[in-house]
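What follows is the residue order along each chain.
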Amino acid sequence: MNKLLECKNLSKYFGPVRALDNVTLTIGSGRIVGLLGPNASGKSTFMKICNDLLTPSSGEIRIAGFEPGVESKKIVSYLPERNYLNDWMKVSDIISFFDDFYADFNKEKAYDMLNKLNIQAEDRLKTLSKGTKEKVQLILVMSRDAQLYLLDEPIGGVDPAARDYILETIIRNYNENATVIISTHLISDIEKVLDDVIFIKEGQIVLHKTVDEIREETGKSVDSLFREVFRC
Amino acid sequence: MLAKLMKYEFKSTARLFIPLYAVLLVFALLNRFLNPFRTFEAAENFSLQVFVRGAGMAIYFFLILAVFVTTLVLIIQRFYKNLLGDEGYLMFTLPVKTWQHIANKLLTSIIWCILSALVVAVSLFVLTASSELIRLLPYIIEGIKNTFGIAGFFVLPALALSQLASGILMIYNAMALGQLFQKHRLLASFGMYCVLYLIQQMIYVICMLLLANTAFMTLIRSASLTPLGMNLFLGSLAIGGLIIAAAHFALVNYVLNTKLNLE
């Protein structure tokens, strides 16, 4: 397996809190990976470290051989769990913005998706509803031809009908050599698209297997295994 | 990449500054025509004309204040909201180095400060029907030349720029340090500003004490200040400002590079 994302003994502490605790992990290319865990288990912290938004307290992380920085940001497309759109731009402005800064951004693809989702390019970001903003962000992120997509709770804020479309969008828009990591706790919704599953609990990786392995070894779905591992 | 960042920074700020500048200039012009026959000075009793004139001037001065306040607020807000708020998730995942983000904010802020000052100056020319002020201009230039020499035309702007840069960077620094706190970040930023201000004042005092008995001070204390003496003094202040600005820049860059802590 090639090493697109590699962590060695990665830890992040916030004061006494261990948000990530000694994580060692290798993820190859061409996978759709579910990063699954309850709230505050370290999913977002992990993604923020991958994007250089947090500096690890100890340990190492490499993305395609690069430490998080300018070179890794060129090949990583990140959807944070919050709305980062400013309120003065139009949808078309933010598309130009992405086009300006990311060499791998595909403008036609973005406009195509906007059309399909019935979002007007001339609308101001300020006037969009919360769900539409999330869709715009997802369109921006998926219109890049990145090597690694890091999607933090991509379906958290949208209705179940839009969820299917979004998952379909994700699957349709990444190329075969790219890897998608999706963090969520809505497992049953995304189970069918996953190749690999990582369970994370209190900052530690408790399981990293393919979905097939899970089914063969336990005879359970990812959702029911999750409920078992994370039983309160 | 810095040029691209600045392009968007100007776009996002110009939409506020340009209308404000336009309104200020329009009001300066209005005020000029509201007083064509100097009715304000000639009026003996309260009249509607006097009221309109007074109100016009009050609005004009309020607008000047608004220009300066907006400039200061935007210097703070663009850094705090765009880099340290939710928009930071977008900005800091662009393939851009951290120092370029800081340089972008700093350069655009400096340019807006200069433009704000220029627009206010121009509005004064417009208001006062210009001729007197314009006639004064050669005397002002002559005065600078006599006191500072030709070098003054470089040293004075250099001093102003270095002070402006170090002032803006100190605000950035306070916010960068303030975001290290988990809670009450805005309050922490204010606190940090006070701490930084105190440290800076202490450094000034130490520098003054160190220089107290050198030839440098004798030069400044001499009864008749020569242009050379003035320029030496102001030039070293400018260099001091630049050193402080560089120190602030380095610290902001360090904090945002290694200790970024977006909410």
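Residues numbered from 1 in each chain as written. Chains lettered and ligands numbered in written order. Predicted model: local features only at pLDDT ≥ 70, side-chain atom pairs only at ≥ 80, totals over all residues. Heavy atoms only, no water.

Asker: How should the side chain of B:Ser116 be read in this particular structure?
Answerer: All names here are of chain B. Secondary-structure assignment places serine 116 in helix 5 (residues 98-127). At 2.9 Å, the side chain of serine 116 and the side chain of threonine 71 are in polar contact. Discounting residues that sit within four places of it in the chain, serine 116 has contacts with Phe17, Tyr21, Val67 and Thr71. (Helix = DSSP H or I, 4+ residues; strand = E, 2+ residues; numbered from the N terminus. Polar contact = N/O pair within 3.5 Å; in protein donor to acceptor, adjacent residues only side chain to side chain. Contact = heavy atoms within 4.5 Å.)

Asker: Looking at this structure, how should I read the sheet that holds strand 5 (residues 76-79) of chain A?
Answerer: To summarise the sheet geometry, strands pair through backbone hydrogen bonds and adopt either a parallel or an antiparallel arrangement. Residues and elements named next belong to chain A. The strand order 5-6-7-3-8-9 describes an open sheet built from six strands, whose pairing is mixed. Here the strands that pair on one side only, and so sit at the sheet edges, are strand 5 and strand 9 (204-210). Going from strand to strand, the sheet's axes swing by 15 degrees on average, the running direction of each strand aside. Pairing between strand 5 and strand 6 (residues 148-152): four bridges, direction parallel. (Pairing = 2+ DSSP bridges. Axes fitted to C-alpha atoms, helices over the stretch in contact; angles between N-to-C directions.)

Asker: Before we go on, may I ask you to explain the pairing of strand 1 (residues 5-14) of chain A in this structure?
Answerer: A regular strand places its side chains on the two faces of the sheet in alternate fashion. Here strand 1 of chain A pairs with strand 2 (residues 17-27) of chain A via seven bridges, running antiparallel. When the bridges of strand 2 of chain A are listed, A:Leu10 appears paired with A:Val23.

Asker: What is the right way to look at the sheet that holds strand 1 of chain A in this model?
Answerer: All names here are of chain A. Taken in spatial order, the three strands make up an open sheet running 2-1-4, and their pairing is antiparallel. Since the sheet does not close on itself, it has two edges, and those belong to strand 2 and strand 4 (58-63), each with one partner. For this sheet, the mean angle separating the axes of adjacent strands, direction not counted, is 20 degrees.

Asker: Just to check I follow, could you spell out the domain arrangement of chain B for this structure?
Answerer: How big an interface is tends to be reported as the loss of accessible area on association of its parts. Residues and elements named next belong to chain B. Assigned domains within chain B: domain 1 (1-129) and domain 2 (148-263). At the interface, 21 residues of domain 1 touch 21 residues of domain 2. In total, domain 1 and domain 2 occlude about 1,900 Å² of area from one another, counting both sides; carbon and sulfur atoms represent 81% of this. Looking only at domain 1, the three residues that lose the most surface to domain 2 are Tyr80, Leu84 and Ile102, adding up to 31% of its buried area. Put simply, domain 1 and domain 2 have zero salt bridges between them. Here domain 1 and domain 2 share four residue pairs in polar contact (both at pLDDT 80 or more) between them. (Domains from an automatic or database assignment. Buried area = accessible area lost by both parts, 1.4 Å probe. Salt bridge = Lys/Arg side-chain N within 4 Å of Asp/Glu carboxyl O.)

Asker: Before we go on, may I ask you to explain the confidence of the model for chain B in this structure?
Answerer: Reading predicted coordinates in detail is not appropriate for stretches of low pLDDT. All names here are of chain B. Chain-level pLDDT for chain B is 87 on average; 90% of the residues reach the 70-or-more range. Element-level mean pLDDT values for chain B span from 56 in helix 2 (residues 39-42) up to 95 in helix 4 (residues 88-91). Interface confidence for the predicted complex, expressed as ipTM, amounts to 0.92; the pTM equals 0.90. (pLDDT = per-residue confidence, 0-100.)

Asker: How should I be thinking about empty space enclosed by the protein in this particular structure?
Answerer: A probe as big as a water molecule, rolled over the atoms, marks out the empty space that is left. Scanning the entire structure with this criterion turns up three cavities of 30 Å³ or more. The calculated volume of the largest cavity comes to roughly 120 Å³. The wall of the largest cavity is formed by 16 residues, among which A:Asn86, A:Phe97, B:Arg78, B:Asn82 and B:Met91 lie closest to the centre. Of all the secondary structure elements, the ones that give two or more residues to the lining of the largest cavity are helix 3 (91-101) of chain A together with helix 1 (2-34), helix 3 (48-84) and helix 4 of chain B. A per-element tally of the lining of the largest cavity places helix 1 of chain B first, with four residues. (1 Å grid on protein atoms, 1.4 Å probe; cavity = no way out; pocket = protein on both sides within 12 Å on 5 of 7 lines; lining within 4 Å. Points joined across faces, edges and corners; volume = space filled by probe spheres on them.)

Asker: Please explain the interface of chain A and chain B as it appears in this structure.
Answerer: In this complex, chain A contributes 28 residues to the contact, which on the side of chain B involves 30 residues. Carbon and sulfur atoms make up 61% of the area that chain A and chain B hide from each other, which totals about 2,600 Å². Looking at the side of chain A facing chain B, the largest losses of area belong to A:Leu53, A:Trp88 and A:Phe101, adding up to 28% of the total buried there. Between chain A and chain B we count three salt bridges in total.

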